[in-house]
Amino acid sequence: MLGLLVLYSEALTLCWTLQPAQDPTVTEYSLPSAMTPSSPSAAAAAPHAAPCFVEDIFAALREGVGDSGELTNSSLVLFGFCSQSAHSSASLSLDLANKKSSLEVLHPAAVHVSEEEEQGTITLTFDLPRSPSLRTNPVLLLAFESPLARGDLEVAFTSRSLQPNTQAVCISGDTQYVLLTGKSSEGSVNDRWQITAETKPPHMKQNLKSILIGEKSGSNISMSPLLFFSGGTGTDTRCASGSPPASLQTSFLCEMKRFLGGVLPQEHFASPPLPLDSLQSLPPLSLGLSSSETLLAVMINSTAPTVFGFTSWSSVLPVCHGELALSAALLEELRQKLDQTLVQMTDLIREEEVSPGAKESLGRLKELSALQKKEHATGGSQFRAFLLLKALQTVAQTYDAQRKLRATRADPSSSVRGSVCGLRALTVSLTKLLVGPSSANINNCHGSCAFPLTNGNNHAILLNSHIESGNAGERSPCCVPVAYEALEVVDWNADGTFISIKPDAVARECGCR
């Protein structure tokens, strides 16, 4: 389906409605403009309008070009490029990715789709906001929420607003985006683009219609974004004087989201994800310039797993919060810890089966969070370095648990010890409205509590002796967690960045009780 996205990835829930047309051979569909993009219902109904949608598109553009400077075959398909235009397509992709910081993102004020029965064409009409940036190298990106269900399509998009006027696009089941190069405006700036789409062969028009407007007319459709990129000077949002640019913070968080998604093991869960706000929590603590040195020192040296999330859709992006004011000693400790963990993570990526892009993603995170030798008294780089350390500690802990489990399974005596009370890995699914990770290893205790008891206290020893003396009416000692670790949650909302401690969330030691 063709979709819209307002700036900063707020979602729209839209409805195509059948409009009476003067020509009976023309069926017209239009987008009502009464929907409020920031409403919770709109956000919930548009699963693809997620945090980092825009950043992920730029990442796909950047990563789609191989070492040879040509687009990979998978990237050609992803962006609907026909193979004969691969060279120019690669140049366009690189140009967009490299000029990300100087690109202005616009969204149409309205979109109309009309279907002309006799000619077998579909016409897309975009009402654009007036902007001087339209004078310079505009590029139109269409994003599809529902992939092509059957067959492949070659589509010719034709418009006076395009350069060249007719552009061929090849759409298959793996195509998510379409890039069309626009014509620079001269004189007055056009506020309406009208683009005709025609399939080859013509009888495939219904397949094109299904990904543009859905299978059914008049039904509510959750739209994926349509992005319009216009080359210009670009602007960068700042929340307050002296604060880091919003785009820098957002780029870091979205890169961390991609890294965690690529490097952490992907598991499938039968149970629904658990909302983090259902857990008991200590009062949230602000993470920023006012954070205490004691809190930050504890967290830098903590082994507790950390998850990063957003409280609500309306405050997701742009992220403008994020500065720390570490003392020289604590800043040096953070630097050393991060350097050690980065070396450990590089080895882990080399040894484990992770996403091919994990190494490059880690490199970009290092650049975005680099601590300069002469760091200012306060800085966004301290904030990003702190978050990166917590993320990498969580990844390292996850793989450490997996390696211990593999070692246990490989040990010939593990079958004997496996029946005795002990710690076992247990991963649960967390709500998806997160930067990451989307799961947490909370562990659990399994095994028998026969004599000699594992980590038994006096009550368990006395209880076990009482039962073995023939008193069968009492419950036997059970294998349960006797020591826990907290789960740390870093959260962003309209008021700033906060750390929320969820105590006793991860089992660390078992015993018979």
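That block above? That's the structure.
Criteria and thresholds
- Residues numbered from 1 in each chain as written.
- Predicted model: local features only at pLDDT ≥ 70, side-chain atom pairs only at ≥ 80, totals over all residues.
- Heavy atoms only, no water.
- Pairing = 2+ DSSP bridges.
- Helix = DSSP H or I, 4+ residues; strand = E, 2+ residues; numbered from the N terminus.
- Disulfide = S-S within 2.5 Å.
- Salt bridge = Lys/Arg side-chain N within 4 Å of Asp/Glu carboxyl O.
- Buried < 20%, exposed > 50% of the residue type's maximum accessible area, 1.4 Å probe, protein only.

Trainee: For this particular structure, what's the right way to read the sheet that holds strand β21 (residues 479–493)?
Mentor: Pairing between the strands of a sheet comes from backbone hydrogen bonds, and it takes one of two forms, parallel or antiparallel. Pairing within the open sheet is mixed, and its five strands lie in the order β14-β22-β21-β15-β18. Of all the strands in the sheet, just β14 (285–286) and β18 (434–436) have a single pairing partner and so form its edges. As paired elements, strand β15 (residues 306–310) and β21 share five bridges and run parallel to each other. Directly across from F308, in β21, lies its bridge partner V490.

Trainee: What exactly am I supposed to notice about the state of the cysteines here?
Mentor: Among covalent bonds in proteins, the disulfide is the one between the sulfur atoms of two cysteines. Summed over the entire model, instances satisfying the criterion amount to four disulfides. The disulfide that involves C82 links it to C170, with 2.1 Å between the sulfurs. The S-S bond linking C82 to C170 shows a torsion near 105°; that makes this disulfide right-handed. Of this pair, C82 sits in the loop between α3 (73–78) and α4 (86–98) while C170 sits in strand β9 (residues 166–171), placing them 88 residues apart in sequence. Residue pairing for C449: its cysteine sulfur links by disulfide to C512, the two sulfurs lying 2.1 Å apart. Its S-S torsion of about -95° marks the bond between C449 and C512 as left-handed, since a negative value means left-handed.

Trainee: Whenever I open this one, the pattern of salt bridges confuses me. Can you help?
Mentor: Charged atoms that come close allow side chains of opposite charge to pair. All chains considered together, the criterion is met by 12 salt bridges. Between E63 and R364 there is a salt bridge whose closest N-O contact spans 2.9 Å. Of this pair, E63 sits in helix α2 (residues 53–63) while R364 is found in helix α9 (residues 358–368), placing the two residues 301 residues apart along the sequence. The exposure class assigned to R364 is buried, which follows from its relative accessible area of 18%. Across the pair R403 and E351 runs a salt bridge whose closest N-O atoms are separated by 3.1 Å. Note that R403 is positioned in helix α10 (residues 380–410) and E351 in helix α8 (residues 328–351), a separation of 52 residues in sequence. Under the relative-accessibility criterion, R403 is labelled partly exposed at 32%. With a relative accessible area of 52%, E351 lands in the exposed category. Where salt bridges share partners, they join D56, R62, E63, E255, R258 and R364 into one cluster.

Trainee: It is not clear to me how the pairing of strand β22 (residues 496–512) should be interpreted in this structure. Could you clarify?
Mentor: Walk down a regular strand and you will see the side chains alternate between the two sheet faces. Judged from the two bridges that link them, β14 and β22 form a sheet pairing that is antiparallel. Across the sheet, the residue bridging to S286 is F498, located in β22. Taken together, the 13 bridges between β21 and β22 define a ladder with antiparallel strand orientation. What sits directly across from C479, in β22, is C512.

So, to be careful, I would describe these as geometric facts and stop short of saying anything about function.
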